[in-house]
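Breakdown of the fold
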Amino acid sequence: MSAGVAATLLATVLAAVDPSMVLPLQGGLGGVGDLVFGVLLWVLEQWYWLMDWVYYVTGLEMLNPRYRFMHRAVLVGLCVGVMAPLIGTFLVHRQLALIGDALAHTGFAGVAVGLFLNAVIDLGVSPYLTAVVVAMIAALCIELISEATDAYNDVSMAIVLSTGFALGTTLISLNAGGLAVGVNQFLFGNLSTVSPQSAAILLVLFAVIVGTVAVTRNQLLYVTFDETAAAVSGISVNWYNRVMVMLTAMVVVGAMQIMGVILVAAMLVVPVAGATQVSRSFSESLVISVVLAELAVLLGIAAAYYGGVTAGGVIVLFAVGIYVCAVAIGKVQSARGERTTPDMGSIDADGADVGPGAE
């Protein structure tokens, strides 16, 4: 449905330019979208099969084949456990930990836009798609405000955060009866509302984020630790800054399904903060942060299912508990002389190829 809506909107715009392009373009985009969505649904079916097998081996009730929503929630959680620390590791070492909060609030505005359009004109688009679009626009605005006004990043983040939340609350108030109920699941997260369509969108975001980081890792690493040297070496610092904030927007929207707007930023920061206490290099910090995030997500989803509580809050509590344990382990290692506990921005960059030839 979302692919068809996107094709229709784009075709409508181009109709004013060249009407002869409308039908071929709409049919082509719709066909590609249906093909991609079909492949993603096939991937989900294979995931269901794997979860069924795990259920029969372990007997875990939350993986019962009757509870497909839990299978999708586990898949989304595992993807978030990779995406969030993958991007969060760069953000924390660039002292941009709070950008997740700003983009989460603009993601909320995107959800409100989607719900509003569906309620008013019956557009039929997923609120997660509108959240992706609005959050990415907001991410670019954060960078553009900083570049155009020479303001510090926290100033531009505060402006975008306030604007996004104001837009969201205004749209909700325009149609309070229909939107107030629907928006709660996005504010606090809900395991049972992870639909096949939402899971498919998350898989696309996951592939884009992991693929982009894999291709641009050296450039992002260089810009993270020394923007001045990166600029001198010919790397477009502004471009890679924009890439990073747009990837952050994708992570925030992806994690919103189970974490909710209010708590989504925690997964960008807390596992990474814990990893910095016990790691000695950037790559080691990245790997450990993913492990800690996955542990928090799986424990949190299980506790939410068996305890009947909100998943987002429990996941964050587990993440904070793991962070406290990591701090204690780091202190013990330091006391034994095994290592020196680093500051948040002092992790070694692995000696990676981040020089002029990295671009």
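Keep in mind the model is a prediction, meaning the values are calculated, not measured. (Residues numbered from 1 in each chain as written. Predicted model: local features only at pLDDT ≥ 70, side-chain atom pairs only at ≥ 80, totals over all residues. Heavy atoms only, no water.)

1. Quick notes on empty space enclosed by the protein
Gaps left between atoms show up when a probe the size of a water molecule is rolled over them. Applying the stated criterion across every chain yields a total of one cavity of 30 Å³ or more. Counted as a void, the largest cavity has a volume near 30 Å³. In this structure, the largest cavity is lined by V270, P271, G274, L292, A293, A296, A319, I322 and Y323. Secondary-structure elements contributing two or more residues to the lining of the largest cavity are helix 11 (266-276), helix 12 (282-307) and helix 13 (311-335). In terms of residue class, the lining of the largest cavity is built from eight nonpolar, one polar and no charged. (1 Å grid on protein atoms, 1.4 Å probe; cavity = no way out; pocket = protein on both sides within 12 Å on 5 of 7 lines; lining within 4 Å. Points joined across faces, edges and corners; volume = space filled by probe spheres on them. Helix = DSSP H or I, 4+ residues; strand = E, 2+ residues; numbered from the N terminus. Nonpolar A, V, L, I, M, F, W, Y, C, P; charged D, E, K, R; others polar.)

2. Quick look at a nonpolar patch on the surface
The grouping of L35, V39, W42 and V43 at the surface amounts to a nonpolar patch, some 410 Å² of accessible area in total. Here V43 lies in helix 2 (residues 22-58). (Patch = residues over 30% accessible without salt bridge, like charges linked within 9 Å, V, L, I, M, F, W, Y side chains within 5 Å. Areas by Shrake-Rupley, 256 points an atom, 1.4 Å probe, with all protein chains shown as cover. Salt bridge = Lys/Arg side-chain N within 4 Å of Asp/Glu carboxyl O.)

3. Observations concerning the environment of S146
Here S146 shows up in helix 5 (residues 127-149). With 11 residues separating them along the chain, S146 and M157 place their C-alpha atoms 9.1 Å apart.

4. Digging into the nonpolar core
Judged by nonpolar contacts, the single largest core of 95 residues is most densely connected at I87, I99, L103, L191, I209 and M259. For this core, the element with the highest residue contribution is helix 10 (residues 237-263), accounting for 16 residues. Contact partners of M259, with chain neighbours within four places excluded, come to F188, G189, V264, M267, G312, I315 and V316. (Core = buried A, V, L, I, M, F, W, Y, C linked by side-chain atoms within 4.5 Å. Buried < 20%, exposed > 50% of the residue type's maximum accessible area, 1.4 Å probe, protein only. Contact = heavy atoms within 4.5 Å.)

5. Some points on the pattern of salt bridges
Enumeration over the complete set of coordinates arrives at three salt bridges. The salt bridge involving R68 is made with D52; its shortest N-O contact spans 2.9 Å. Taken together, the residues R68 in helix 3 (residues 68-93) and D52 in helix 2 connect sequence positions 16 residues apart. What makes R68 partly exposed here is its relative accessible area of 27%.

6. Thoughts on the packing of helix 10 against helix 11
Across the interface, helix 10 lies against helix 11 with an axial gap of 9 Å and an inter-helix angle of 95 degrees. Taken together, the axes of helix 10 and helix 11 are roughly perpendicular relative to one another. Across the interface between the two elements, T248, V251, V252, M259 and L263 from helix 10 touch A266, M267 and L268 from helix 11. Class assignment of the residues belonging to the contact of helix 10 with helix 11 gives a composition of seven nonpolar, one polar and no charged. (Axes fitted to C-alpha atoms, helices over the stretch in contact; angles between N-to-C directions. Parallel < 35°, antiparallel > 145°, perpendicular 65-115°, else oblique.)

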